Each structure stands twice: as C-alpha cells, then as structure tokens.
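Geometric and topological summary
So you can see what is in the structure, the chains are spelled out below.
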Amino acid sequence: MHNTPIGIFDSGYGGLTILKEIEEKLPQYDYLYIGDNARAPYGNRSYDTVYKYTLQMVNEFFKRGCELVILACNTASAKALRTIQQNDLPLLKNDKRVLGIIRPTAEVLGSFSKTGQVGVLATVGTVQSESYILETEKFFPEVTINQLACPMWVPLVENGEHQTDGASYFVQDKLQQLFAKEKNIDTILLACTHYPLLMPLIKKHTPPKVKILSQGGLIANSLVDYLGRHKALEKKCSKNKKRSFFTTDNAQEFEKQAELFLGRKIVCNKIDI
Ligand code: DGL
C-alpha cells in the first residue's frame, strides 16, 4: 500500500490541536504525528537546541515516508524552520517540504481586529524571535502586535494541570499583564499550539468582547489552499484515512493525554532518540 502520510510535528501534545482541525477539513489523507515529549517544552530552549531537535524529528518523518511535514509548533517554526528550509532541504535534492504555522497565521491575523491592537500569547522563544511582529507587518502594516510570553502555560498542559485553580491563577495573571500593556486589544492569538487546552480559563479571564483565536482552523484552511496549489505533492500524499502517532517519551502516557486533546482513543508508539 502506498504510504506517504502528511507529517505533523510538535514538541509535545500541542500539535494535536492543529491535527484535530486539519483532519476535520481533510479527513481523506493519512497523518503521522510525532511529539518530542521527552524533550518538551522547547519554549525556553536556545535556537541551536530547537533547530537540532527539530531537524532530527524532521528526518524521522522522512524516514517514515512523509513528503510533507508541518511544524505544528510555533517555537520550532520560529527557531528552526528557516534554517531547515534554506540549508537542510536543498541538500536532500528531492521534493520534500517542511512548512511552519507562523506565516499562514500572520497572513490572516490582522483581518480579525477592528482596533488594530492584537495580543499574541506565546512561548519565550516565539516572543523573542519577534516572528509574529515581522510577519504580520508584511500583511497588515497598520496592526500592532502586543506580545507576551507565558512560560508556565505549556508545563501546565504537558502535566495535565490545565483545569486546576493553579492554572487559573497563571492564566489570569498573564491576561492582566497583556491588557495592562494595551487596553484596546480586541483580538488575542493563542500563538502556541498547547494553549487551546486552556481556552475555558482564558475565556473566563478575558473581556467577552475580545476575540480569542486559536490556530487549528487557520492552519487547516491554509493547508487546503496549499495542497490545491501544489498538485504534484498533493498527488503523492496517501489517502487511506490512516492515523499514526509516535512519541519520544512514554507511549501509554501519550495515549492518555492525546485522548484529552482529540476526544478519542489513539494508539501510540515510542521512538528512541
Ligand atoms: N506547542 C509549541 C508552540 O506552539 C511549544 C511548546 C513548547 O514546547 O514550549 O510553541
């Protein structure tokens, strides 16, 4: 059987929030997910480390037959994507593609705001890279991006603590800081794929008139468009509705957590790194 799944990568569980929306829009394809849970979070790590880990994972996808890999992780998209696209892929001398999730988000981000003030909540790495400021400026020069790093939020999700009072405290604290920076923010982007799991708490601590965006739907739309424009690559992607999941850490734990993200049971296998 022809086996060329679309690869979806994240440092841990966060990319599952992207996969969920992608498979709703494009259920016919095969998908292979890898979470580098053993080394998550990536958010506070250096450029060199995020690049090294991400490249290693991209090679795992290629070994498993993927022709197209999506870095469903803002931190990896901010810190590793460009080097992989510019330095590593050309060396392979084939048509394999690696895409990130920052540019497709920036392409539409400004269209949600009326005040021109957008809040971007992300990991330390994504904030430091200033990728959202730089990319959004290209499409919406009139929009101001107000960034804030939320270093505690990913560990809360990775450890299954995202519905606790402790989580509520950290979420409220960051949202207060964001609105203290700029009170006219009318749109908040959850620019980390883990954050949608905190959505009930984020909603609770955000004024009701503020729009809260997560990336899954935006990335799914952009993938539909991309595959429509890259027919040769699209033809190569196998369409047997197969889903495969791998983690660099404990497979049973991944299965348990993934059920929370996807709302269904999955089978996961461990990759040794
Ligand atoms: N989910 C990832 C992101 O979108 C990163 C989480 C982390 O490993 O810090 O940035």
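For the structure, check the block above.
For the structure given in this document, a descriptive report is provided here. None of the values given here were measured: they were computed from a predicted structure.

Some points on the overall build of the protein chain
Within the protein chain one finds 13 helices and ten strands. Against the 2.2 N^0.38 benchmark of 19 Å for 273 residues, the protein chain shows a C-alpha radius of gyration of 18 Å, consistent with a compact globule. Seen through its principal axes, the protein chain has C-alpha atoms that stretch 55 × 40 × 35 Å. When the 273 residues of the protein chain are sorted by exposure, 58% land in the buried category.

With respect to the sheet that holds strand β5 (residues 117-122)
Spatial strand order, β6-β5-β7-β8: four strands in an open sheet with parallel pairing. Because the sheet does not close on itself, it has two edges, and the strands there are β6 (144-149) and β8 (211-214). Taken pair by pair, the neighbouring strands of this sheet meet at an average axis angle of 25°, ignoring direction. As paired strands, β5 and β6 are joined by six bridges and run parallel to one another. Each residue of the ladder has a partner; that of Ala122, found in β6, is Ala149.

Examining the site of the ligand
Taken together, 13 residues form the shell around the ligand, and within it Ser11, Tyr42, Gly43, Thr75 and His194 come nearest. Between Asp10 and the ligand, the recorded distance is 3.1 Å, taken from a side-chain N or O atom to a nitrogen atom. Within the side chain of Thr193, a nitrogen or oxygen atom sits 2.8 Å from a nitrogen atom of the ligand. Grouping the amino acids of the shell around the ligand by side-chain chemistry returns five nonpolar, seven polar and one charged.

A few points about the environment of Val50
The residue Val50 is located in helix α2 (residues 47-63) in this model. A C-alpha to C-alpha distance of 9.4 Å links Val50 and Ser11, two positions 39 residues apart in sequence.

As for the sheet that holds strand β4 (residues 97-99)
The sheet built from six strands is open, its strands ordered β4-β3-β1-β2-β9-β10 with parallel pairing. At either end of the open sheet lies a strand with only one pairing partner, and these are β4 and β10 (268-270). Each adjacent strand pair in this sheet contributes to an overall mean axis angle of 20°, direction not counted. Sheet topology places strand β2 (residues 31-35) next to strand β9 (residues 243-247); five bridges connect them, and they run parallel. Within the sheet, the bridge partner assigned to Gly35 lies in β9 and is Thr247. Contacting β1 (6-10), β2, β3 (68-71) and β4, α2 runs over the sheet at an angle of about 155° to β1.

Quick notes on the pattern of salt bridges
Considering all chains together, one arrives at 16 salt bridges under this definition. Here Arg64 ties to Glu60 by a salt bridge, and the two come within 2.4 Å at their closest N and O atoms. The partly exposed category is assigned to Arg64, whose relative accessible area is 26%. Its relative accessible area of 10% is what places Glu60 among the buried residues. Note that Glu107 and Arg103 form a salt bridge whose closest N and O atoms lie 3.8 Å from each other. Taken together, the residues Glu107 and Arg103, both in helix α5 (residues 102-109) and four residues apart, mark about one turn of the helix. Look at Glu107 and you get partly exposed, because its relative accessible area is 39%. On the basis of relative accessibility, which here comes to 39%, the residue Arg103 falls in the partly exposed class. Several salt bridges converge on common partners, so that one network encompasses Glu67, Asp95, Lys96 and Lys236.

Focus: the packing of aromatic side chains
Here the structure, examined in full by the defined rule, presents ten aromatic pairs. Ring plane angle 45° and centroid distance 6.1 Å describe the contact between Phe9 and Tyr42, whose orientation is recorded as tilted. Here Phe9 is found in strand β1, whereas its partner Tyr42 is found in the loop between β2 and α2, with 33 residues between them in sequence. For the pair Phe9 and Tyr42, a shared accessibility class is recorded, and that class is buried. Pairing Phe9 with Phe61 gives two aromatic rings, centres 6.3 Å apart and planes at 85°, and the pair type is edge-to-face. Residue Phe9 is located in strand β1, and its partner Phe61 is located in helix α2; the two are separated by 52 residues in the primary sequence. By relative accessible area, which is 0% here, Phe61 ends up buried. One aromatic cluster is present, formed by Tyr13, Tyr33, Phe245, Phe254 and Phe261 through successive ring pairs. When the ring centre of Tyr53 is taken as origin, the NZ or CZ atom of Arg39, which lies over that ring, is 3.8 Å away. Across the ring face of Tyr47, the terminal group of Lys79 is positioned such that the distance to the ring centre comes to 5.0 Å.

Conventions and cut-offs
Residues numbered from 1 in each chain as written. Predicted model: local features only at pLDDT ≥ 70, side-chain atom pairs only at ≥ 80, totals over all residues. Heavy atoms only, no water. Helix = DSSP H or I, 4+ residues; strand = E, 2+ residues; numbered from the N terminus. Rg over C-alpha atoms; globule rule 2.2 N^0.38 Å. Buried < 20%, exposed > 50% of the residue type's maximum accessible area, 1.4 Å probe, protein only. Pairing = 2+ DSSP bridges. Axes fitted to C-alpha atoms, helices over the stretch in contact; angles between N-to-C directions. Near = heavy atom within 4 Å. Polar contact = N/O pair within 3.5 Å; in protein donor to acceptor, adjacent residues only side chain to side chain. Nonpolar A, V, L, I, M, F, W, Y, C, P; charged D, E, K, R; others polar. Contact = heavy atoms within 4.5 Å. Salt bridge = Lys/Arg side-chain N within 4 Å of Asp/Glu carboxyl O. Phe/Tyr/Trp six-rings, centres within 6.5 Å; stacked < 30°, edge-to-face > 60°. Lys NZ or Arg CZ within 6 Å of the ring centre and 35° of its normal.

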